[in-house]
Amino acid sequence: MPTSSNLSNKVPFTTMIGFNLNKTKRHFTEVLAERFPQREAEQLMRILLEDLFGIDLKRQLMEPSLRIDELQHALLRTSVDRLLAGEPVQYVTGLAHFDGMAFRVNPSVLIPRPETEELVWKIAAQLPTDRPMRLWDIGTGSGCIAIALAKRFPLAKVTAFEVSPLALETAKGNAERLQVTLDFVLDDVLNPQSETWNEPVDLVVSNPPYIRESEKTAMEPNVLEYEPGTALFVPDEDPLLFYRQILSLAKSQLNPGGVVWFEINEALGEELLCLCKEQGFQADLWEDYAGKPRFVCATRTSGINVMVSRRPSW
Ligand code: GLN
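Keep in mind it's a predicted model, so treat the numbers as computed, not measured.

## Brief notes about the pairing of strand β12 (residues 281-287)
Item 1. Of the strand pairs in this sheet, β12 and strand β13 (residues 293-300) are connected by seven bridges, and their pairing is antiparallel. Within the sheet, the bridge partner assigned to Q282 lies in β13 and is T299.
Item 2. Here β12 folds back onto β13 in antiparallel fashion, the turn holding five residues, of which G291 has a positive phi close to 80°.

## Considerations on the site of the ligand
Item 1. Close to the ligand lie L110, R113, E115, N207, P208, P209, Y210, I211, A231, L232 and E263.
Item 2. Here an oxygen atom of the ligand and a side-chain polar atom of R113 are 2.7 Å apart.
Item 3. Residue N207 places a side-chain N or O atom 2.7 Å away from a nitrogen atom belonging to the ligand.
Item 4. Relative to its unbound accessible area of 300 Å², the ligand is 88% covered by the protein chains.

## Some details on the packing of aromatic side chains
Item 1. With the rule as written, the count across this model stands at six aromatic pairs.
Item 2. When the centroid spacing of 5.4 Å and the interplanar angle of 85° are considered together, the rings of W136 and W197 count as edge-to-face. Taken as a pair, W136 in strand β5 (residues 133-138) and W197 in the loop between β7 (183-186) and β8 (201-206) lie far apart in primary sequence, 61 residues in all.
Item 3. Judged by relative accessible area, W197 falls into the buried class, the value being 3%.
Item 4. Members of the aromatic cluster, each reached through a chain of ring pairs, are W136, F161 and W197.
Item 5. Over the ring of F233 we find K216; its NZ or CZ atom is 4.7 Å from the centre of that ring.
Item 6. The ring of F281 is capped by R300, whose NZ or CZ atom sits 5.5 Å from the centre of that ring.

## Comments concerning the pairing of strand β3 (residues 95-98)
Item 1. Pairing of β3 with strand β4 (residues 101-104) involves four bridges; the strand directions are antiparallel. The residue bridging A96 from the neighbouring strand is F103, located in β4.
Item 2. Once β3 ends, the chain turns through two residues before running back antiparallel as β4, passing D99 with a positive phi of about 50°.

## Remarks on the sheet that holds β12
Item 1. Within the open sheet, the seven strands sit side by side as β7-β6-β5-β8-β11-β13-β12. Their pairing is mixed. For this open sheet the edge positions go to β7 and β12, each flanked by a neighbour on one side alone. Going from strand to strand, the sheet's axes swing by 20° on average, the running direction of each strand aside.
Item 2. Relative to β7, helix α9 (residues 165-177) is tilted by about 175°, and along the sheet it contacts β6 (156-162) and β7.
Item 3. Helix α11 (residues 241-253) contacts β5, β8, β11 (254-263), β12 and β13 of the sheet and is inclined by roughly 165° relative to β11.

## Regarding the environment of L166
Item 1. Among the structural elements, L166 can be located in helix α9.
Item 2. Separated by 14 residues in the primary sequence, L166 and R152 place their C-alpha atoms 26 Å from one another.

## Section: unusual backbone geometry
Item 1. Positioned with a positive phi, D99 is a non-glycine residue whose angle comes to about 50°.
Item 2. Within the secondary structure layout, D99 lies in the loop between β3 and β4.
Item 3. Here D99 falls in the buried class, since its relative accessible area comes to 13%.
Item 4. The backbone of Q179 shows a phi angle near 60°, a positive value even though the residue is not glycine.
Item 5. In this structure, Q179 sits in the loop between α9 and β7.
Item 6. With a relative accessible area of 71%, Q179 lands in the exposed category.

## A closer look at helix α7 (residues 114-126)
Item 1. Along its 13 residues, α7 runs 18 Å from first to last C-alpha, staying within 8% of the 18 Å computed at 1.5 Å per residue.
Item 2. Listed as buried for α7 are E115, T116, E117, E118, L119, V120, K122, I123 and A124.
Item 3. The inward-facing, buried residues of α7 abut β3, α8 (144-152), β8, β11, β12 and β13.

## Quick look at the packing of helix α2 (residues 21-33) against helix α3 (residues 38-53)
Packed helices, taken two at a time, are described by the angle their axes make and the gap between the axes.
Item 1. Where α2 contacts α3, the axes come no closer than 9 Å and their chain directions differ by 135°. Accordingly, the angle class assigned to the pair α2 and α3 is oblique. Classified by chirality, the crossing of α3 by α2 is right-handed. Of the residues in α3, those in contact with L21, K25, F28, T29, L32 and A33 of α2 are Q38, A41, E42, L44, M45 and L49.
Item 2. Along the lines of polarity and charge, the residues of the contact of α2 with α3 split into eight nonpolar, two polar and two charged.

Rules of the game
- Going along each chain's sequence as written, the residues are numbered from 1 onward.
- Per-residue local features are limited, in this predicted model, to residues with pLDDT of at least 70; the limit for side-chain atom pairs, both in listing and counting, is 80 or more; totals at the level of whole chains, interfaces and linings are taken over all residues.
- Neither water nor hydrogens contribute to the side-chain values; these are computed over all heavy atoms in the structure.
- When DSSP locates at least two bridges between a pair of strands, those strands are taken to pair.
- Every helix listed is a DSSP run of H or I at least four residues long, and every strand listed is a run of E at least two residues long, numbered separately from the N terminus.
- A cutoff of 4 Å decides nearness: a residue is near a molecule or strand if any of its heavy atoms lies inside that distance of it.
- We call two N or O atoms a polar contact when they sit within 3.5 Å, provided that within protein one can donate a hydrogen and the other can accept it, with sequence-adjacent residues counted only if both atoms are side-chain atoms.
- Method for areas: the Shrake-Rupley scheme with a 1.4 Å probe, in which residue coverage is limited to the protein chains shown.
- Only centres within 6.5 Å qualify two rings of Phe, Tyr or Trp (six-membered ring in Trp) as a pair; their planes then separate them into stacked at under 30 degrees, edge-to-face at over 60, and tilted for everything else.
- Each residue's exposure class comes from its accessible area (1.4 Å probe, protein chains only) as a fraction of the maximum for that residue type: buried when under 20%, exposed when over 50%, partly exposed otherwise.
- Throughout this description, the term charge over a ring refers to an Arg CZ or Lys NZ atom that lies within 6 Å of the ring centre and within 35 degrees of the ring normal.
- As a rule, the C-alpha atoms of each element are fitted with a line to give its axis, helices using only the stretch in contact, and angles between N-to-C directions run from 0 to 180 degrees.
- Contacts: residue pairs with any heavy atoms within 4.5 Å of one another.
- Every helix has an expected span of 1.5 Å times one less than the residues it contains.
- Working definition: roughly parallel below 35 degrees, roughly antiparallel above 145 degrees, roughly perpendicular at 65 to 115 degrees, and oblique for all remaining angles.
- In a left-handed crossing the near helix is turned counterclockwise from the far helix by less than a right angle, and in a right-handed crossing that turn is clockwise.
- Amino acid classes used here: Ala, Val, Leu, Ile, Met, Phe, Trp, Tyr, Cys and Pro are nonpolar; Asp, Glu, Lys and Arg are charged; the rest, including Gly, are polar.

Note that all results are geometric; they support no functional claim without further evidence.
Below you can see the structure in the form of structure tokens.
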């Protein structure tokens, strides 16, 4: 039987371990609020606790006596320092949420944007999800589009193309974590070498680089300093180069009734519609949640839309 002195030794010891979560949260929120607006500071703290430690907002609010240990506290401190230095929170936690899933991200890939999530939703709303088809995602980055579509179109054979080996590894890791099977091809769409480009395809999706170099001045420093420039920027002299190349590949490989979906620069919609027309596509502009022209859906003018009834192409 324990003696009373044993007990009194134990109790203070256990209550002393670690740090009270609520107090820690309050402290670091105050630190963050010196650089960010209060609401944003609170939001960032919520994300850190959720994505670093898996403590969701409900637990943060409902379990006031929750404690974190020394290591967790140290990780929070360095994470807060990184946020104060301007690093995007998704790179700090290594996680970005997209279409209800958590994707691993790092500076070799763009942080998935809400517009891109909307692109996935628009495609899923437009096409029957229960038909076999071949799908290409060109410039997959973290793999968010390809993986989200592979989940939503379980009968699709999805191929994700990427020019950056590091980004491709990230996308592969995400597919594994999220338990979807897709093909990955390391290749440059501007200088295509892979045999896969010779295969037929039903749906081509791409969110290629589309920000003109001259638009850099209007961009947030945390995007410019941390996100991969190769995934973002195009020369002012030829801002649609990726679209032209993708349309030309799609022109020769798209099955009858096939569709191309793009995310686009809001300032280049009309120009891109002209390009689509020139290349023999009928195309429409779609707005994003902010009312900006953000997507283009293109179909071959010569083809008939038989996506719904067509037999699988492989
Ligand atoms: N939408 C991204 C941004 O505003 C750009 C994505 C892209 O260039 N494809 O940062």
